[in-house]
Amino acid sequence: MAKTTKHKIILVCENCLNRNYSLTKSNLTQKERLEVKKYCPTCDARTLHKESR
Ligand SMILES: [Zn+2]
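Residues numbered from 1 in each chain as written. Predicted model: local features only at pLDDT ≥ 70, side-chain atom pairs only at ≥ 80, totals over all residues. Heavy atoms only, no water.

An unreviewed UniProt entry lists the chain under the name Large ribosomal subunit protein bL33, with Mesoplasma lactucae ATCC 49193 given as the organism. For the chain, the Sequence similarities (unreviewed entry) comment in UniProt is given as "Belongs to the bacterial ribosomal protein bL33 family." (UniProt positions renumbered as here; feature names shortened; annotations may be inferred.)

**A closer look at the coordination of the zinc ion**
Within the protein, the atoms that donate to the zinc ion are Cys13 (SG), Cys16 (SG), Cys40 (SG) and Cys43 (SG), at distances of 2.3 Å. Coordination at the zinc ion is tetrahedral: its four donor atoms span angles of 105 to 113° at the metal. Donor residues for the zinc ion, ordered by position in the chain, follow C-x2-C-x23-C-x2-C. Highlighted residues: Cys16 in the loop between strand 1 (6-13) and strand 2 (19-26) and Cys43 in the loop between strand 3 (35-40) and strand 4 (45-52), separated in sequence by 27 residues. Here Cys43 falls in the partly exposed class, since its relative accessible area comes to 24%. (Donors = N, O, S within 2.8 Å, 3.2 Å for Na, K, Ca; no water. Tetrahedral: all angles 85-135°; square planar, octahedral: opposite > 155°, others 65-115°. Helix = DSSP H or I, 4+ residues; strand = E, 2+ residues; numbered from the N terminus. Buried < 20%, exposed > 50% of the residue type's maximum accessible area, 1.4 Å probe, protein only.)

**A word on the pairing of strand 3**
A regular strand places its side chains so that they alternate between the two faces of the sheet. Judged from the six bridges that link them, strand 3 and strand 4 form a sheet pairing that is antiparallel. Paired with Cys40 across the two strands is Ala45, which belongs to strand 4. Remark: four residues form the turn of the hairpin made by strand 3 and strand 4, two consecutive strands paired antiparallel; Asp44 in that turn has positive phi of roughly 55°. (Pairing = 2+ DSSP bridges.)

**Some points on the sheet that holds strand 4**
If you walk across this open sheet you meet the four strands as 2-1-4-3, and the pairing is antiparallel. The two strands at the open ends of the sheet, each matched to only one other strand, are strand 2 and strand 3. Taking the axes of each pair of neighbouring strands and ignoring which way they run, one obtains an average angle of 35° across the sheet. In terms of strand pairing, strand 1 meets strand 4 through four bridges, oriented antiparallel. Note on strand 4: the bridge partner recorded for Cys13 is His49. (Axes fitted to C-alpha atoms, helices over the stretch in contact; angles between N-to-C directions.)

**Some thoughts on the pattern of salt bridges**
All told, the structure shown has two salt bridges when counted by the stated rule. For Glu14, the salt bridge identified is with Lys50, shortest N-O distance 3.2 Å. Remark: Lys50 occurs in strand 4 and Glu14 occurs in the loop between strand 1 and strand 2; sequence separation between them is 36 residues. A salt bridge links Lys50 to Glu35, with the shortest nitrogen-to-oxygen separation between them at 3.6 Å. With Lys50 in strand 4 and Glu35 in strand 3, this residue pair connects regions lying 15 residues apart in the sequence. Under the relative-accessibility criterion, Glu35 is labelled partly exposed at 47%. (Salt bridge = Lys/Arg side-chain N within 4 Å of Asp/Glu carboxyl O.)

This is the structure in structure tokens:
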């Protein structure tokens, strides 16, 4: 059962809750929720983006 499951995740801006980025994770190597600082066009600033499902 070693199937690679592609897991789509969405990065949501913590400030305005906009869904700015989506990416796919292959395999559940990371068990913790992803947190990245990325540019948000709505906030016009770099904000913390959190993984959402
Ligand atoms: Zn934002």
